[in-house]
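What follows is each chain in one-letter form.
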Amino acid sequence: MDIARDEHLEQMNRDFLAVSDTYTGTLTKDPFPILAELRETEPVMQGDVLAKFHVPSQADYANSGRPVMTVLRYDDVLAILRDAENWKSSLMADGFGAAVDNLLLTAMDDAEHKKYRSLLQPAFLMPVIKRMTDTVIKPNIEVLLEPLRARGKADLVPEFSLPFPVRVVYAVLGFPADSDTVMKLASWALRILGGPQIDPAKAAVTYPAAMDAGQRLFEHVLPIVRARRETPTGHEDLIGFMQTVDVDGKRFTDEEITHLVRMLLLAAAETTSRTFSNMIIMLLERPDVLDKVRSDRKLIPRALTETMRLDPVAGNLARIAAKDMEVRGTVIPKGTAVTLSISAANRDPEAYERPDELWLERPLRPVLSFGFGPHICMGMHIARIEMEAALDMVLDLPNLRFDPAYPQPAIRGLQLRGPDALHVLWDA
Ligand code: HEM
């Protein structure tokens, strides 16, 4: 199959670019100098940094009418993420929550969050995911890279970075290996993400499209979950796991599992696609670092962490103050939404020496790109293992470099940052 011409993949690429447009808004410049200045001058800023550039928040402040402030310093962002008692996540459902019947782990608080998180977490732990590395994760990456090797050139966004996390996460969940269906479902997941808009005229189109996509996703996933119950696949997978979980002496119903699967599909694929593309771009821009990692593959996890720090895909998270709070001497009244600028915090000079440098030997400290505290990304081990495996395979392409026939790839956006294309050459 010529993967680049696959119809469902092309549709997914269009849906992916629409999400990039939404979360780029009117931003035309590199956002990091702008964020650095704000972090210095207004570390607890009145208003929403996203709205400044016409980028919607996934918590949809524009339509909820809530007062909003933005927090930009590392210590403050970390403290807020840790403190789920005083900073709630419920507002995360305001954006596209309705499209997924408000079942989003990211939008749950307190006992409800603890309950769902502890029920699901065992399936996401490192030893479980590690066991799937050779049997599920690597083969689903190799199947995409194999036909490219002899060609010596590719646009890695549609041909690799976009489809591999989709294939991996659907396989980890236990979906049948049917590439067309999987790409179609991934497209719908992207349309849900593209739902929130600041511009009411745009929202009148994207919001119903998100609702429709949520419904279709449910209708397509439910029979897969039902079939999975009837025909066990014989290997560990997440749908199978959810079918055996004990929930207060009962089992999840197939409908409940379908809701949970749909929630996971939103979180899992395009975040990983963008993060991987961004990492490749940052490494190709720095041939000395690239060579170091190529010749010492033990540095791969470091390279991933450090590129995720420099350019986090989830550049902004959201919380709401449960009571009057004070951050860096500024009062944040109860009910105020806060945008937590992960992009600014990750380059805070108070937290990181030489913060704008990609420095593999950097002293370790928590990087906020997978979040932190009780809501820290539940899929981070899946994401890390698949991206590390994919980088290892891509580094084997001899003399990998940008293709000079195309403009140098640019990472764009203020949220869900990523490139539109990533044309590369290697010696085939
Ligand atoms: C590089 C890829 C990824 C990035 C950058 C990323 C980022 C994040 C971030 C920042 C959060 C925290 C949200 C918050 O605190 O409000 C989060 C939560 C979450 N992520 Fe990821 N994620 C990635 C991949 C995945 C994958 C592969 C899965 C599933 C297979 C996943 C599932 C989840 C879930 C279920 C949550 C909600 C956790 C909770 O609220 O308790 N993510 N992710």
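Everything numeric here is computed off the predicted structure, so don't read it as measured data. (Residues numbered from 1 in each chain as written. Predicted model: local features only at pLDDT ≥ 70, side-chain atom pairs only at ≥ 80, totals over all residues. Heavy atoms only, no water.)

Another point: the overall build of the chain. Within the chain, the secondary structure is distributed over 18 helices and 10 strands. At 21 Å, the chain has a C-alpha radius of gyration in line with the 22 Å of a compact globule built from 428 residues. Each of the three principal axes of the chain carries a C-alpha extent, and together these read 60 × 55 × 45 Å. Here the chain holds 428 residues, and 59% of them are scored as buried. Put simply, of all contacts in the chain between residues at least 6 apart along the chain, 75% involve residues at least 24 apart. Just so you have it, the chain exposes about 17400 Å², and 54% of that area is on carbon and sulfur atoms. Within the chain, one finds 49 positive and 61 negative side-chain charges whose respective centroids are separated by 2 Å. (Helix = DSSP H or I, 4+ residues; strand = E, 2+ residues; numbered from the N terminus. Rg over C-alpha atoms; globule rule 2.2 N^0.38 Å. Buried < 20%, exposed > 50% of the residue type's maximum accessible area, 1.4 Å probe, protein only. Contact = heavy atoms within 4.5 Å. Areas by Shrake-Rupley, 256 points an atom, 1.4 Å probe, with all protein chains shown as cover. Lys, Arg positive; Asp, Glu negative; His and termini not counted. Charge placed at Lys NZ, Arg CZ, Asp CG, Glu CD.)

For the rest of this paragraph, the subject is the packing of helix 10 (residues 163–173) against helix 18 (residues 380–395). For the pair helix 10 and helix 18, interaxial distance at closest approach is 11 Å and the crossing angle is 130 degrees. In terms of orientation, helix 10 lies oblique with respect to helix 18. You can see that helix 10 and helix 18 cross each other, and the crossing is right-handed. Here helix 10 contributes F164, P165, V168 and V172 to the contact with helix 18, which in turn contributes I382, E386 and A390. Of the residues contributing to the contact of helix 10 with helix 18, the split by class is 6 nonpolar, no polar and 1 charged. (Axes fitted to C-alpha atoms, helices over the stretch in contact; angles between N-to-C directions. Parallel < 35°, antiparallel > 145°, perpendicular 65-115°, else oblique. Left-handed = near helix turned anticlockwise from the far one by under 90°. Nonpolar A, V, L, I, M, F, W, Y, C, P; charged D, E, K, R; others polar.)

The next point concerns the confidence of the model for the chain. Per-residue pLDDT for the chain averages 90, and the proportion of residues at 70 or more is 97%. Predicted confidence for residues 1–5 stays below pLDDT 50, and this span has 8 contacts to residues more than four positions away or in other chains. (pLDDT = per-residue confidence, 0-100.)

Now for the site of the ligand. Close to the ligand lie 27 residues; H113, R117, R319, H375 and C377 are nearest. Measuring from an oxygen atom of the ligand, one finds a side-chain N or O atom of H113 at 2.6 Å. Contacts to the ligand include R117, whose side-chain N or O atom sits 2.7 Å from an oxygen atom. Looking at the shell around the ligand, the elements that each hand over two or more residues are helix 6 (110–120), helix 14 (254–284), strand 5 (316–321) and helix 18. For the shell around the ligand, the element with the most residues is helix 14, which contributes 6 residues. (Near = heavy atom within 4 Å. Polar contact = N/O pair within 3.5 Å; in protein donor to acceptor, adjacent residues only side chain to side chain.)

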